[in-house]
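# Per-entry structural report
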Amino acid sequence: MNQLQLVAVIAERDAVRYTPAGIPIVSARLSHQSEQIEAGIPRRVELDIAALAAGEISGKFNRAELGVAYRFTGFLARKNRNSKSLVFHIADFETYTPDH
């Protein structure tokens, strides 16, 4: 199974572009910070990840406020067929509230 859920903020976002088939795509960079427990020891985690929203979700993603925490769900895939770099493909997201 390839499913990722990440709480992050939209740090940067590109303008909407369209595939040759006319599908809207918005590329972005998400930024995440948290504390995780690894081998029983707290560890500070900070990361940036390339992301994109394609199709229907791209409009909502394009209107989302920068710097606000969201809970993103989606999957990881290569940037392109010959790349080793990964991109987080956003399937859905919602405003993050810590008590959920």
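Residues numbered from 1 in each chain as written. Predicted model: local features only at pLDDT ≥ 70, side-chain atom pairs only at ≥ 80, totals over all residues. Heavy atoms only, no water.

### Overview of the overall build of the protein
Going by this rule: By the criteria applied, helices consist of DSSP H or I runs no shorter than four residues and strands consist of E runs no shorter than two, each listed in order from the N terminus. Exposure classes here rest on a 1.4 Å probe applied to the protein chains alone. A residue is buried below 20% of its type maximum, exposed above 50%, and partly exposed in between. What makes two residues a contact is simply this: any of their non-hydrogen atoms within 4.5 Å.
Looking only at helices and strands, the protein features 1 helix and 6 strands. Ordering the α and β elements of the protein from the N terminus gives β-β-β-β-α-β-β. Taking all 100 residues of the protein together, 28% fall into the buried category. When contacts within the protein are restricted to residue pairs at least 6 apart in sequence, long-range pairs at least 24 apart make up 53% of them.

### A word on the nonpolar core
Basically, it comes down to this: Among buried residues, those of type Ala, Val, Leu, Ile, Met, Phe, Trp, Tyr and Cys that are joined through side-chain atoms within 4.5 Å constitute a nonpolar core.
In terms of nonpolar packing, the biggest core is built from 17 residues, with Ile-10, Leu-30, Phe-61, Phe-72, Phe-88, Ile-90 and Phe-93 touching the most fellow members. The set of elements that each furnish at least two residues to this core consists of strand 1 (4–13), strand 3 (24–38), strand 4 (41–54), helix 1 (57–63), strand 5 (69–78) and strand 6 (86–95).

### What about the side chain of His-89?
Checked against the element boundaries, His-89 lands in strand 6. Excluding its chain neighbours within four sequence positions, the residues that come into contact with His-89 are Leu-52, Thr-73, Gly-74, Phe-75 and Ala-77.

### Some thoughts on unusual backbone geometry
In this structure, Ala-39 is a non-glycine residue whose phi angle is positive, near 55 degrees. Along the chain, Ala-39 falls in the loop between strand 3 and strand 4.

### Remarks on the pattern of salt bridges
Our working rule: A side-chain nitrogen of Lys or Arg and a carboxyl oxygen of Asp or Glu constitute a salt bridge if their distance falls within 4 Å.
One pass over the structure, following the stated rule, counts 6 salt bridges. Glu-12 is paired through a salt bridge with Arg-29; the nearest N and O atoms lie 3.1 Å apart. One end of the pair, Glu-12, is in strand 1; the other, Arg-29, is in strand 3, and 17 residues separate them in sequence. Owing to a relative accessible area of 44%, Glu-12 belongs among the partly exposed residues under this scheme. According to the relative accessible area criterion, Arg-29 is partly exposed, its value standing at 26%. Across the pair Glu-38 and Arg-43 runs a salt bridge whose closest N-O atoms are separated by 3.0 Å. For Glu-38, a relative accessible area of 44% translates into the label partly exposed. The exposure class assigned to Arg-43 is partly exposed, which follows from its relative accessible area of 45%. By sharing partners, the salt bridges in this structure join Glu-12, Arg-29 and Asp-48 into a single network.

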